Amino acid sequence: MNQQQHDRLRSQFPALAQEVNGHPLVYLDNAATTQKPLAVLDAINHYYQADNANVHRAAHALSGRATRAFEAARETVARFINASHNREVIWTRGTTEAINLVAQSWGMSELQAGDEIVLSTLEHHANIVPWQLVAQRTGAVIRVIPLDERGDLDMAAYLAMLGPRTRLVSVAHVSNALGTVNPVEQIVAAAKAVGALTLIDGAQAVAHLEVDVQAIGCDFYAFSGHKLYGPTGIGVLWGRTALLERMPPWQAGGEMIDRVSFSATTFNTLPFKFEAGTPHIAGAIGLAAAIDFVMGQDREALTRHEEALTNYLVAGLRQVSGLRLVGEPGQRAGAVSFLLEDIHPQDATTLLDMQGVALRVGHHCAMPLMESLGIGGTIRASLACYNNRDDVDALLAALHKLSDFF
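Residues numbered from 1 in each chain as written. Predicted model: local features only at pLDDT ≥ 70, side-chain atom pairs only at ≥ 80, totals over all residues. Heavy atoms only, no water.

### Side note on the pattern of salt bridges
If you walk through the whole model with that rule in mind, you get 15 salt bridges. In this structure, Glu97 and Arg93 form a salt bridge, with 2.8 Å as the shortest nitrogen-oxygen distance. A salt bridge links Arg240 to Asp219, with the shortest nitrogen-to-oxygen separation between them at 3.4 Å. Taken as a pair, Arg240 in the loop between strand S10 (235-239) and helix H9 (241-246) and Asp219 in the loop between helix H8 (213-216) and strand S9 (220-224) lie far apart in primary sequence, 21 residues in all. What makes Asp219 buried here is its relative accessible area of 8%. In the salt-bridge network here, residues are joined through shared partners; they are Glu110, Asp115, Arg165 and Arg167. (Salt bridge = Lys/Arg side-chain N within 4 Å of Asp/Glu carboxyl O. Helix = DSSP H or I, 4+ residues; strand = E, 2+ residues; numbered from the N terminus. Buried < 20%, exposed > 50% of the residue type's maximum accessible area, 1.4 Å probe, protein only.)

What follows is the structure, encoded as structure tokens:
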């Protein structure tokens with residue numbers, strides 16, 4: 001991707017053109033949420049201006065248009081992740097709700113005392129706490145894959161912990177804190193060999209990697225729209241048809257029913273069985289617009305751009321006096337964590353914000369990971385397709401100023 005092409009892409013994100021504290025905005029908090037392109041803003045605005053109606057429940061023109069756009073969005077997601085059929089795409093509020101759906105529906109109905117759930121040290125709280133709740137109620141046991149010294153999963157330890165009691169392996173595709181890209185195909189294949197199901201938390205992966213659920217071989221895949229240049233409050237659970245059909249509904253109400261009486265209720269077919277109530281219609285339409293935007297780019301060029309920019313960032317951070325990188329995984333996507341000697345992370349990010357640089361600070365909803373590293377949290381810089389060397393240079397210049405001052 002040449003400079004002109006990237007400038008044209010960046011211009012599609014109006015939020016990036018503003019100033020913060022008298023400085024041009026340098027937005028490097030993309031692992032928390034990405035900015036939105038005009039195509040997404042326009043799609044949401046068009047729905048509310050022209051097609052605002054509930055879906056599936058009326059015969060009038062607006063409802064028909066809304067329903068067609070809503071279901072076309074489901075088909076867009078199915079193509080994006082290479083689902084076998086669009087009925088395998090379940091709308092959720094985000095990755096968190098998608099994981100909770102699997103935990104409460106499959107987990108509560110299938111797991112028994114002594115069954116094992118395998119997680120990893122890298123997991124976001126959203127892929128830990130739901131399984132803890134299920135384990136407490138069913139007697140299942142959680143086992144945790146440790147890390148090696150680089151911040152990669154210890155695959156030998158993982159393979160050793162698999163066995164006949166392993167029922168589910170649930171891991172992140174990409175770590176939100178360290179940027180570690182996990183070998184999900186290998187993880188899934190090993191789980192399959194012992195008869196376990198697999199869930200992949202793809203929240204941090206979908207904006208950086210091409211995701212093919214068939215190639216990965218997993219049973220469930222979850223992601224959020226707002227980390228993929230789409231709206232907040234919309235996400236996806238993909239699951240294999242046979243599994244989803246066996247799983248009981250999680251939430252109950254309108255839309256997910258076939259017939260209701262006071263004596264009994266029968267439930268709707270997939271995907272509606274898991275979509276109780278009025279859905280986030282504008283969110284689904286906005287997510288489809290975000291996916292169309294991403295798919296309309298040269299994805300190989302974007303990948304090369306992000307990889308080169310990540311390497312440039314890491315190399316630059318190594319030159320900052322008193323800075324320590326936290327985690328140096330073999331393959332990294334999106335996120336880089338670090339600490340500064342003699343400067344509290346919160347103070348550092350506040351001072352960086354005064355120079356227009358937006359970063360994240362804290363435990364990044366990964367407290368067990370931070371505990372394993374012996375730290376309370378990190379400063380995290382996370383990249384997106386619209387970031388460039390000027391952004392990285394601005395961060396590095398601000399960090400050198402802090403280092404020199406302190």
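Don't stop here, the text continues.
### Here we look at the pairing of strand S5 (residues 116-120)
For S5, a buried count of five out of five residues is recorded, marking the element as mostly surrounded by other parts of the structure. Because side chains alternate across S5, one face comprises the buried residues Glu116, Val118 and Ser120, and the other comprises Ile117 and Leu119, equally buried. Where S5 lies against strand S6 (residues 141-145), five bridges are found, and the strand directions are parallel. When the sheet's bridge partners are listed, Ser120 is paired in S6 with Ile145. Here three bridges tie S5 to strand S7 (residues 166-172), and the two strands are oriented parallel to one another. Paired with Val118 across the strands is Val169, a residue of S7. (Pairing = 2+ DSSP bridges.)

### Remarks on the packing of helix H2 (residues 38-51) against helix H10 (residues 281-295)
Here H2 crosses H10 at 150°, and the two axes come no closer than 8 Å. By the angle class used here, H2 and H10 are roughly antiparallel. Where H2 crosses over H10, the handedness of that crossing is right-handed. Across the interface between the two elements, Ala39, Val40, Ala43, Ile44, Tyr47 and Tyr48 of H2 pack against Ile281, Ala282, Ile285, Gly286, Ala289 and Ala290 of H10. In the contact of H2 with H10, the residues fall into eleven nonpolar, one polar and no charged. (Axes fitted to C-alpha atoms, helices over the stretch in contact; angles between N-to-C directions. Parallel < 35°, antiparallel > 145°, perpendicular 65-115°, else oblique. Left-handed = near helix turned anticlockwise from the far one by under 90°. Contact = heavy atoms within 4.5 Å. Nonpolar A, V, L, I, M, F, W, Y, C, P; charged D, E, K, R; others polar.)

### Details of the sheet that holds strand S13 (residues 323-326)
Taken in spatial order, the four strands of this open sheet run S13-S14-S17-S16, and their pairing is antiparallel. Among the strands making up the open sheet, the edge pair consists of S13 and strand S16 (360-362). Here the average twist between neighbouring strands, direction ignored, is 35°. Taken together, the four bridges between strand S14 (residues 335-340) and strand S17 (residues 378-382) define a ladder with antiparallel strand orientation. Note on S17: the bridge partner recorded for Phe338 is Ile379.

### Considering the packing of aromatic side chains
The full count for this structure, using the stated rule, is six aromatic pairs. Each member of the aromatic cluster is reached from another via a ring pair, and the members are Phe13, Tyr229, Phe293 and Tyr386. Geometry around Tyr312 places Arg389 over its ring, the cationic atom sitting 3.9 Å from the centre. (Phe/Tyr/Trp six-rings, centres within 6.5 Å; stacked < 30°, edge-to-face > 60°. Lys NZ or Arg CZ within 6 Å of the ring centre and 35° of its normal.)

### Focus on the sheet that holds S5
Taken in spatial order, the seven strands make up an open sheet running S4-S10-S9-S8-S7-S5-S6, and their pairing is mixed. Every other strand in the sheet has two partners, leaving strand S4 (89-92) and S6 as the edge strands with one partner each. Between one strand and the next, the sheet's axes are offset by a mean angle of 20°, whatever the strand orientation. Of the pairings in the sheet, the one linking S4 to S10 comprises four bridges and is antiparallel in character. In the strand pairing of S10, Thr92 is matched with Gly235. The strands that helix H4 (residues 95-110) touches are S4, S7, strand S8 (197-201), S9 and S10; relative to S9, the one it contacts most, it runs at about 150°.

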